[in-house]
Amino acid sequence: FFSALARPRPRYAPFFLPSLRYPVNPVNKTLCEPQRHNIVMPAWEVFKFGGTSVSSAANYLKCADIVLSQMKSLPSSTSSFAVVVSAMGGKPKTTDLLLNLVKSASGRRNDEVEEGMRVIREKHLNCINELGLGDEERDRLTAVISADLKSIQDVLRTV
């Protein structure tokens, strides 16, 4: 959803970050005096959303509007930006569901794990469907959610 917004710009921040390198003496394997290097670091603007702000399709769209409007006012020294989206809020909260999945998996309560996974899948797919996206984008996001949930299920099998 936000991937279309993530495009780096080719400018760099007007500051330098000193870094230290400690070369190793090849003869006695001891550290030599550090060498200083100035590394040009790109400026980043980070937008972070989670919980209630991403609890529904309507709230996702509000987040997108915020990002788009803020991008217009970014300083020219900002070369890159990132949008970080954490777990969906609402009832039930995704973070709580995930924590309960771990507890259920550790207790070998597979029926509870399956039910929790179903609730998380349904919550996310409902949100995707409510966004009003085209078929291609909806299918792409559905595939991403399905792959992420499979990864979660794989991890839960090891608990």
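Before reading on, note that the structure itself is shown above.
None of these values were measured; they are calculated from a predicted model. (Residues numbered from 1 in each chain as written. Predicted model: local features only at pLDDT ≥ 70, side-chain atom pairs only at ≥ 80, totals over all residues. Heavy atoms only, no water.)

### A closer look at the pattern of salt bridges
If you walk through the whole model with that rule in mind, you get eight salt bridges. The closest approach of N and O atoms between Glu112 and Arg109, which form a salt bridge, is 2.9 Å. On the basis of relative accessibility, which here comes to 37%, the residue Glu112 falls in the partly exposed class. As a salt-bridge pair, Arg118 and Glu115 come within 2.6 Å of each other at their nearest N and O atoms. Here Arg118 and its partner Glu115 are both found in helix α3 (residues 110–130), three residues apart, which amounts to about one turn of the helix. Look at Arg118 and you get partly exposed, because its relative accessible area is 38%. (Salt bridge = Lys/Arg side-chain N within 4 Å of Asp/Glu carboxyl O. Buried < 20%, exposed > 50% of the residue type's maximum accessible area, 1.4 Å probe, protein only. Helix = DSSP H or I, 4+ residues; strand = E, 2+ residues; numbered from the N terminus.)

### Points about the environment of Lys123
Relative to the helices and strands, Lys123 resides in helix α3. Along the primary structure Lys123 and Ser55 are separated by 68 residues, whereas in three dimensions their C-alpha atoms are 9.2 Å apart. Apart from the residues lying within four places of it in its own chain, the contact partners of Lys123 are Met88, Gly89, Gly90, Lys91, Pro92, Lys93 and Thr94. In this structure the side chain of Lys123 is engaged in a polar contact, spanning 2.4 Å, whose partner is the backbone oxygen of Pro92. (Contact = heavy atoms within 4.5 Å. Polar contact = N/O pair within 3.5 Å; in protein donor to acceptor, adjacent residues only side chain to side chain.)

### Thoughts on the packing of aromatic side chains
The full count for this structure, using the stated rule, is one aromatic pair. Their ring planes at 80 degrees and their centres at 6.4 Å tell us that Phe47 and Phe81 sit as a pair that is edge-to-face. One end of the pair, Phe47, is in strand β3 (residues 43–51); the other, Phe81, is in strand β4 (residues 78–88), and 34 residues separate them in sequence. For the pair Phe47 and Phe81, a shared accessibility class is recorded, and that class is buried. (Phe/Tyr/Trp six-rings, centres within 6.5 Å; stacked < 30°, edge-to-face > 60°.)

### Let's talk about the packing of α3 against helix α4 (residues 135–157)
Between α3 and α4, the shortest axis-to-axis distance is 10 Å and the interhelical angle comes to 160 degrees. In terms of their interaxial angle, α3 and α4 are classed as roughly antiparallel. Handedness of the α3/α4 crossing: right-handed. Of the residues in α4, those in contact with Val113, Glu114, Met117, Ile120, Arg121, His124, Leu125, Ile128 and Asn129 of α3 are Arg138, Leu141, Thr142, Ile145, Leu149, Ile152, Gln153 and Leu156. (Axes fitted to C-alpha atoms, helices over the stretch in contact; angles between N-to-C directions. Parallel < 35°, antiparallel > 145°, perpendicular 65-115°, else oblique. Left-handed = near helix turned anticlockwise from the far one by under 90°.)

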